[in-house]
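Structural features, examined
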Amino acid sequence: TPSGNFHLVVDTSGSNYDTVVAAFTGSRGNLTEVACDDDYYGGGSASHTEFDVSSGITYSIAVMDWGAPGGGNLQLQIYAIPNPPNLLSPADNAALNSRTVSFDWQNPNSPGQTGYIFRLSQNSNPNASPWLVNVTLNNSDLSYTHTFTADGTYYWHMRTNSSGPSSSWVTQSLVVDTVNPTDTFVFPVQNGYANTNPVVVQVSPSDDRTGVTQVQFFAGYWRDGVWDWYDSFVDNNPSDGWNWSWS
């Protein structure tokens, strides 16, 4: 019965007979299979299975002889692999308008964990150098702040360290874009005239890095020496161009 959540490995490499391994939850006579394996390594006789375990749940592991009974010398290895941290923010594929970014995660609370490895890069592969950041952090560390020197697409990678094997890597991407989008009026032009009602206001926006997903229009008129905002509209559909039919 584990005291935390982690990934469990069961392996019979080195046994001198053909094994089958299985894992169950529940009680005798009312078992539910969680994992099972026979001949994991191909034509050999060893078995290997992996599964996630949850704190407070009892698991039963069975090792069986496949084929003619008799068994032999069993070599059974059971070991835990910690879960990776849960990446909280920035969310995957987040678009940020600041080069100073706080990265936050949740502790997986895996037994035996000793800390984390945190990496920043411009490659989605966590093992591909060069890294902008490659640091080992403590269990108590749940955030890391970094200031990028340039806009771009970046990836943050993390895994949990332990006294034994480390967890798998988890990766999320983010885009740093500190340049404001630009807008150009197509119609009416600056100081131009429109003699129709409604007036179709057209613009041509641009954003080289993250693209344009929304254009907000404001229309006003001059009265008694001041501008009065009269109406507004948000266009989320660029399929027919960025425009607003204003009357």
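Structural notes, computed from the coordinates. In this text the structure is predicted, and so the values were computed from the model without any measurement. (Residues numbered from 1 in each chain as written. Predicted model: local features only at pLDDT ≥ 70, side-chain atom pairs only at ≥ 80, totals over all residues. Heavy atoms only, no water.)

**Considering the overall build of the protein**
To be explicit about the condition: Runs of E in the DSSP output that reach at least two residues are strands. Runs of H or I that reach at least four are helices, and both are numbered from the N terminus. We take the radius of gyration over the C-alpha atoms and set the globule estimate at 2.2 Å times the residue count to the 0.38 power. Note on classification: 1.4 Å probe, protein chains only; a residue is buried when its accessible area is under 20% of the maximum for its type, exposed when over 50%, partly exposed between these limits. Working rule for contacts: check all heavy atoms of both residues, and any pair within 4.5 Å makes them a contact. Each accessible area value is a Shrake-Rupley result obtained with a 1.4 Å probe; residue values ignore everything except the protein chains displayed when judging cover. A positive count includes Lys and Arg, and a negative count includes Asp and Glu. His and the chain ends are not counted in either. All charge positions are set by atom: Lys at NZ, Arg at CZ, Asp at CG, Glu at CD.
A count of helical and extended segments in the protein gives zero helices and 19 strands. Taking 247 residues into account, the globule formula puts the C-alpha radius of gyration at 18 Å, and the protein, at 30 Å, lies well above it. Based on the C-alpha atoms only, the size of the protein along its principal axes is roughly 100 × 40 × 35 Å. In the protein, which comprises 247 residues, the share counted as buried stands at 34%. In the protein, of all internal contacts separated by at least 6 residues, the share reaching a separation of at least 24 is 62%. Accessible surface computed for the protein: about 14500 Å², of which carbon and sulfur atoms make up 47%. Where the 6 positive side-chain charges of the protein centre and where its 22 negative ones centre are 9 Å apart.

**Some thoughts on the sheet that holds strand 19 (residues 242-246)**
Where we set the bar: The criterion for strand pairing is that DSSP finds at least two bridges linking the strands in question. Angles run from 0 to 180 degrees between N-to-C directions of axes, and those axes are lines fitted to C-alpha atoms, restricted for helices to the stretch in contact.
Here we have three strands laid out as an open sheet, ordered 15-16-19, and antiparallel in their pairing. The two strands at the open ends of the sheet, each matched to only one other strand, are strand 15 (182-187) and strand 19. Neighbour-to-neighbour, the strand axes of this sheet turn through a mean angle of 25 degrees, independent of strand direction. With five bridges connecting them, strand 15 and strand 16 (residues 199-206) associate as antiparallel partners. Across the sheet, residue Thr184 finds its bridge partner in strand 16, namely Ser204.

**Quick look at the sheet that holds strand 2 (residues 19-27)**
Strand order in this open sheet of three strands is 3-2-5, and the pairing throughout is antiparallel. Of all strands in the sheet, those bounded by a partner on one side alone are strand 3 (30-38) and strand 5 (59-65). Strand-to-strand, the axes of this sheet are offset by a mean angle of 25 degrees, without reference to chain direction. Looking at chain direction, strand 2 and strand 3 are connected through eight bridges and run antiparallel.

**Some thoughts on the nonpolar core**
Formally: Grouping buried Ala, Val, Leu, Ile, Met, Phe, Trp, Tyr and Cys residues that are joined through side-chain atoms within 4.5 Å yields what is termed a nonpolar core.
Counting residues in each nonpolar core, the largest one holds 15 residues, and the members touching the most others are Phe103, Trp105, Phe118, Phe148, Trp156 and Leu174. Elements with a contribution of two residues or more to this core: strand 9 (100-106), strand 10 (113-121), strand 11 (133-137), strand 13 (152-162) and strand 14 (170-176). Aside from chain neighbours lying at most four places away, what touches Leu174 is Ala94, Leu96, Val101, Phe103, Phe148, Gly152, Thr153, Tyr154, Tyr155 and Trp156. If you look at the next biggest cluster of nonpolar residues, it comprises nine residues, including Phe6, Leu8, Ala23 and Ala35.

**Some points on the pairing of strand 13**
With eight of eleven residues buried, strand 13 lies mostly within the body of the structure. For strand 10 and strand 13, the ladder comprises eight bridges, and the chain directions are antiparallel. Bridge assignment links Ile117 to a residue of strand 13, and that residue is Arg159. In terms of strand pairing, strand 13 meets strand 14 through seven bridges, oriented antiparallel. Across the sheet, the residue bridging to Tyr155 is Ser173, located in strand 14.

**Some words on the packing of aromatic side chains**
For the record, the criterion: Stacked, edge-to-face and tilted are the three classes for Phe, Tyr and Trp ring pairs, Trp counted by its six-membered ring, which pair at centre distances within 6.5 Å; planes under 30 degrees apart are stacked, over 60 edge-to-face, the rest tilted. Any Lys NZ or Arg CZ found within 6 Å of a ring centre and within 35 degrees of that ring's normal is scored as a charge over the ring.
Here the structure, examined in full by the defined rule, presents 13 aromatic pairs. Between the aromatic rings of Phe103 and Phe148, the centroid separation amounts to 6.5 Å while the plane-to-plane angle is 70 degrees, which identifies the pairing as edge-to-face. Residue Phe103 is located in strand 9, and its partner Phe148 is located in the loop between strand 12 (143-147) and strand 13; the two are separated by 45 residues in the primary sequence. Note on accessibility: Phe103 and Phe148 belong to one class, buried. Ring centres of Trp244 and Trp246 lie 5.9 Å apart, and the angle between their planes is 35 degrees; on these two criteria the pair is classed as tilted. The exposure class of Trp246 is partly exposed, given its relative accessible area of 22%. Of the aromatic side chains, those joined through ring pairs into one cluster are Phe103, Trp105, Tyr116, Phe118, Tyr144, Phe148, Tyr154 and Trp156. Positioned over the ring face of Trp131 is Arg119, at 4.0 Å from the centre of the ring.

**Some points on a nonpolar patch on the surface**
What counts here: Exposure above 30% relative accessible area and no salt bridge define the residues that can form patches, which grow by joining like charges within 9 Å and nonpolar side chains of Val, Leu, Ile, Met, Phe, Trp and Tyr within 5 Å. Think of a salt bridge as a Lys or Arg side-chain nitrogen and an Asp or Glu carboxyl oxygen that are within 4 Å of each other.
Nonpolar side chains collect at one region of the surface, where Ile61, Leu74, Leu76 and Ile78 lie side by side and expose about 300 Å² of accessible area between them. With a relative accessible area of 32%, Leu74 lands in the partly exposed category.

**Focus on unusual backbone geometry**
Trans peptide bonds make up most of the peptide bonds, and negative phi angles are found at most residues other than glycine. Following Ser89, the chain continues to Pro90 via a peptide bond in cis, the omega torsion being 0 degrees. With an omega of 10 degrees, the peptide bond between Asn197 and Pro198 qualifies as cis. As for its position among the elements, Pro198 is in the loop between strand 15 and strand 16. At Asn109, a residue that is not glycine, the phi angle is positive and equals roughly 55 degrees. Its place among the elements puts Asn109 in the loop between strand 9 and strand 10. Phi at Asn191 is positive, roughly 65 degrees, even though this residue is not glycine.

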